[in-house]
Amino acid sequence: MVELLFLCIYGFAVITFCIAFSIAQKGLRKSRIDLLCFLLAISSGWWSLFFGLVLKQTDQNVAFWMRRIGMIGVFAFVICSTYMMVYWSDIRGRMRRYVTGFAWLGAPLYPFTVLKGNTTFEMTTYGMSYRMNSGIWSTAYTVYYIVAALNMLMLVIHLLRRSIRRREKVMAYNLITCIAIVVLGSILDTVMPLVGLAAFPGSTIGQFIGMMALYQTYLFYKKSQMNIENMSQFVYYSVDEPVFLFDEAERLCIVNNGATVFLEMSAEECCKMRLNEIFELNRDVFRFQGGKNRVEACCIQNHNICSVSIDKIYDDYQDIIGYIVIVHDITERVHMMEKLDQERQRADKANEAKGVFLANMSHEIRTPINAVMGMNEMIIRECEDNEILEYAQNIRDASKTLLALINDILDFSKIESGMMEVVEEAYSLKAMLKALEKECSMRAEAKGLAFKFVVPEDTPNVLLGDEVRVRQVLLNILTNAIKYTLKGGVTMTLSYEKRENKRLWLTFAVTDTGIGIKEENIGRLFDKFDRVNEEEIHAIEGSGLGLSIVDRLMKLMHGTVKVESEFGKGSTFTVALEQKIIEDQPIGSLQEEKKTPGERVRYMPQFIAPDIKVLVVDDNKVNLTVVKGLLRKTQMQITCVLSGRECLEAVRREAYHIILLDYMMPEMDGAETLEQLKTMPDNRSKDAAVIVLTANAMAGMKELYLEQGFDAYISKPIDGTALEQLLMEYIPQEYLTKKAVRS
Ligand code: ADP
């Protein structure tokens, strides 16, 4: 009996110490209640251990000492449980001070309650027992014990009264049960000896049961608190995404609600499956380097497309204990992406079609204009009748306008589709400005306007930039200034600022004394197809594209364009951009001796080279006639053929110096013909310069042709002067028998 009782109580001590150990392992600093529960378990274990040892003793003296030590656990138990009740009841102020203060009374009471005369030990059927002798300290101890129990009861009643949640009520009832058990137990060994009966270690048993009940309450309380352990539980079950936990052997052991909903199976059914039975994945999916593996896979159960992320879970020793698999259903996203991709492909195709259409249009429109302008040029060169000459001049002006319009539309489309690129090359600012001045002054003169370029003579001349685009911007603004000025004049003033690293900030201000722009319209100027001041300009031709092209080109070149205007008085358009200085040599004066206005410029060839053999290849007979006619006065020997194949035959027979090759031809196009020319062994014109002659003048084509291996490029409609100038570059000096003289 004694052995059994001792073993039992000894077992209580072990259990409570284990509980204390497990609480300590989770960390005592996290919350006060953890520390309290830990101390309570220690004191309970202490109580059980030493009161258990009392039972085993045969020597009363040793038993007395065992009890004396064990009583420390009793008082500590009372203090800790009081503090736990205070914590849960959340009582404050005076009441709290009284309850805790009273519990601490146990400390000074302890030495007196364990005085030798207070207890008498005797051997009973359940081992060494004791009874408390009546006296002041025994009574004080009993009163302390009862009042402490009543205090705790009061705290619990307080908790019960203020509790609004069910879990608090449950806790309060649990605590009442604890107190009742401890009090009942203590009656057996505290009260029984008082009435002269041997003390049965009921309080030791009672406190253990009470301790266990308190521990349960503590666990219950912790469960309803937010902490990292139960947080993960809440999260695990509340997330909608399917979550699967696999053990080390890759067996599915836990699934969340999201997973059961996703698979439309019960948790038990899910847990019978392996990952490769749920998703189309191979078995090796768990073998990966690093902590995470993310794969896309189709779910076998519902055919949804999922992003499956697999994380390894490690123990404290960095060994894998399992895997957490989180699944994102991306079916909708994938379908959306597919749709977008299809749309993109369709848009790309449409864009491609647009590109092809524009190239074709460019070709189709330029070919007849080439004929009109070329034939017209021949009339101008050869006709002596002034009236007919005037008609021809008008045709030339109208053709130029038509051509400018087509160029604008093509350039604009190119900018819109993001295909316009800035190509930087070294160029002469002087040459560009002179060409501009020549072109614009003629137009201004024709309208009776004064026209002037003010350029500082020390401006650096050789610059790096996209000459074609800078020229296009300035030409657009100058043409507008002339177009929208009825009397007065147009002046372009250049100013510059040298910056570090050989950078040059150029500012071109074009001022006119024209119709001006109303203030409210200035904001709309750069909008595409928008023409402002409709009333004033309805008689002036225009597409409303010029300034929007200027704006976009300036953006591409990282420059700026600004407008200041006074309606009825005139406008100033200022464009500023940066170019790099290649050579600092000054530009000098732009002025040249002026020709008498109205004097007709009679055509003279720029060179004469009768020994030069030129082969012209074009599928369009009229084009061939135009080229032949334009070059007639140079006296070169010109052979015309109508296809790439004929071209190859011609070069087998004859050694030409220059080949003018059309690009867009049926059967064998320019590129293919060039390829053959370069590779055929019996080509007698291997050294000939091959110049591509094309009606496709889309921006950026020049670079493409040069990349393909052509020596140079000239676009249709062919400008006779430009053609002669270009050819001169490829004719050796010794063949030039005569240089042209202009009258
Ligand atoms: P458009 O082909 O009509 O000239 P732009 O884009 O070049 O198209 O110009 C847009 C509008 O801006 C013109 O229609 C005109 O109303 C106005 N504009 C442009 N330059 C001037 C100027 N120098 N003076 C007055 N109005 C101008």
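What counts and how
Residues numbered from 1 in each chain as written. Predicted model: local features only at pLDDT ≥ 70, side-chain atom pairs only at ≥ 80, totals over all residues. Heavy atoms only, no water. Helix = DSSP H or I, 4+ residues; strand = E, 2+ residues; numbered from the N terminus. Buried < 20%, exposed > 50% of the residue type's maximum accessible area, 1.4 Å probe, protein only. Areas by Shrake-Rupley, 256 points an atom, 1.4 Å probe, with all protein chains shown as cover. Lys, Arg positive; Asp, Glu negative; His and termini not counted. Charge placed at Lys NZ, Arg CZ, Asp CG, Glu CD. Core = buried A, V, L, I, M, F, W, Y, C linked by side-chain atoms within 4.5 Å. Contact = heavy atoms within 4.5 Å. Pairing = 2+ DSSP bridges. Axes fitted to C-alpha atoms, helices over the stretch in contact; angles between N-to-C directions. Patch = residues over 30% accessible without salt bridge, like charges linked within 9 Å, V, L, I, M, F, W, Y side chains within 5 Å. Salt bridge = Lys/Arg side-chain N within 4 Å of Asp/Glu carboxyl O. Left-handed = near helix turned anticlockwise from the far one by under 90°. Nonpolar A, V, L, I, M, F, W, Y, C, P; charged D, E, K, R; others polar. Arc of directions from axis to C-beta. Domains from an automatic or database assignment. Phe/Tyr/Trp six-rings, centres within 6.5 Å; stacked < 30°, edge-to-face > 60°.

A closer look at the overall build of the chain
Reasoning step 1: For the chain, the helix and strand inventory stands at 24 helices and 21 strands.
Reasoning step 2: Across its three principal directions, the C-alpha atoms of the chain cover 155 × 65 × 45 Å.
Reasoning step 3: Counting only residues that meet the buried cut, the chain has 45% of its 743 residues in that class.
Reasoning step 4: Of the roughly 38,500 Å² of accessible surface on the chain, a fraction of 57% belongs to carbon and sulfur atoms.
Reasoning step 5: Computed over 83 positive and 92 negative side-chain charges, the separation of the two mean positions in the chain equals 9 Å.

Here's the deal with the nonpolar core
Reasoning step 1: The biggest cluster of nonpolar side chains holds 57 residues, and the ones touching the most others in it are M85 and W88.
Reasoning step 2: Taken together, the elements giving at least two residues each to this core come down to α1 (2-26), α2 (32-56), α3 (60-89), α4 (93-104), β2 (127-132), α6 (136-162), α7 (166-194) and α8 (202-223).
Reasoning step 3: Per-element tally for this core: the top contributor is α3, with 14 residues.
Reasoning step 4: Filtering out sequence-adjacent residues up to four positions away, M85 remains in contact with M152, L155, V156, L175, I179 and L214.
Reasoning step 5: The next biggest cluster of nonpolar side chains, apart from the first, holds 49 residues, and it includes V473, I517, I549 and V561.

Some points on the sheet that holds strand β4 (residues 252-255)
Reasoning step 1: An order of β4-β3-β7-β6-β5 is seen for the five strands of this open sheet, with the pairing classed as antiparallel. The open sheet is flanked by β4 and β5 (292-298), the only strands paired with a single partner. On average, each strand axis in the sheet is tilted by 25° relative to the strand beside it, whichever way the strands run.
Reasoning step 2: As paired strands, strand β3 (residues 243-247) and strand β7 (residues 320-329) are joined by five bridges and run antiparallel to one another. Bridged to D247 within β7 is G322.

Notes on a negative patch on the surface
Reasoning step 1: Negative charge collects at one region of the surface, where D240, E241, D329 and E332 lie side by side.
Reasoning step 2: Following the sequence through the fold, E332 ends up in helix α13 (residues 331-382).
Reasoning step 3: Look at E332 and you get exposed, because its relative accessible area is 70%.

What to know about unusual backbone geometry
Reasoning step 1: With an omega dihedral of 0°, the bond running from K716 to P717 counts as a cis peptide bond.
Reasoning step 2: In the Ramachandran plot, D90 falls in the positive-phi region, its phi being about 60° despite a non-glycine side chain.
Reasoning step 3: Relative to the elements of secondary structure, D90 occurs in the loop between α3 and α4.
Reasoning step 4: Since its relative accessible area comes to 34%, D90 is described here as partly exposed.

Considerations on the packing of helix α5 (residues 106-113) against α6
Reasoning step 1: Closest axis-to-axis distance for the α5/α6 pair is 9 Å, and the angle between their directions is 145°. For the crossing formed where α5 meets α6, the hand is left-handed. In this structure, α5 uses G106, L109, F112 and T113 to contact α6, whose residues at the interface are W137, A140, Y141 and Y144.
Reasoning step 2: The residue inventory of the contact of α5 with α6, partitioned by class, reads six nonpolar, two polar and no charged.

Considerations on α5
Reasoning step 1: Regarding α5, the residues found buried are G106, L109 and T113. Taken down its axis, α5 places every buried residue within 60° of arc, on the same side.
Reasoning step 2: At its buried positions, α5 is contacted by α3, α4 and α6.

Quick word on the domain arrangement of the chain
Reasoning step 1: Split by domain assignment, the chain resolves into domain 1 (2-227), domain 2 (230-329), domain 3 (335-411), domain 4 (421-586) and domain 5 (613-735).
Reasoning step 2: Using C-alpha coordinates to define each centre, domain 1 is positioned 47 Å away from domain 2.

So, the packing of aromatic side chains
Reasoning step 1: By the definition in use, this model includes 28 aromatic pairs.
Reasoning step 2: Ring centres of W46 and F50 lie 5.0 Å apart, and the angle between their planes is 45°; this geometry places the pair in the tilted category. Note that W46 and F50 are positioned in helix α2 at a spacing of four residues, about one turn of the helix.
Reasoning step 3: With relative accessibility at 14%, the residue F50 sits in the buried group.

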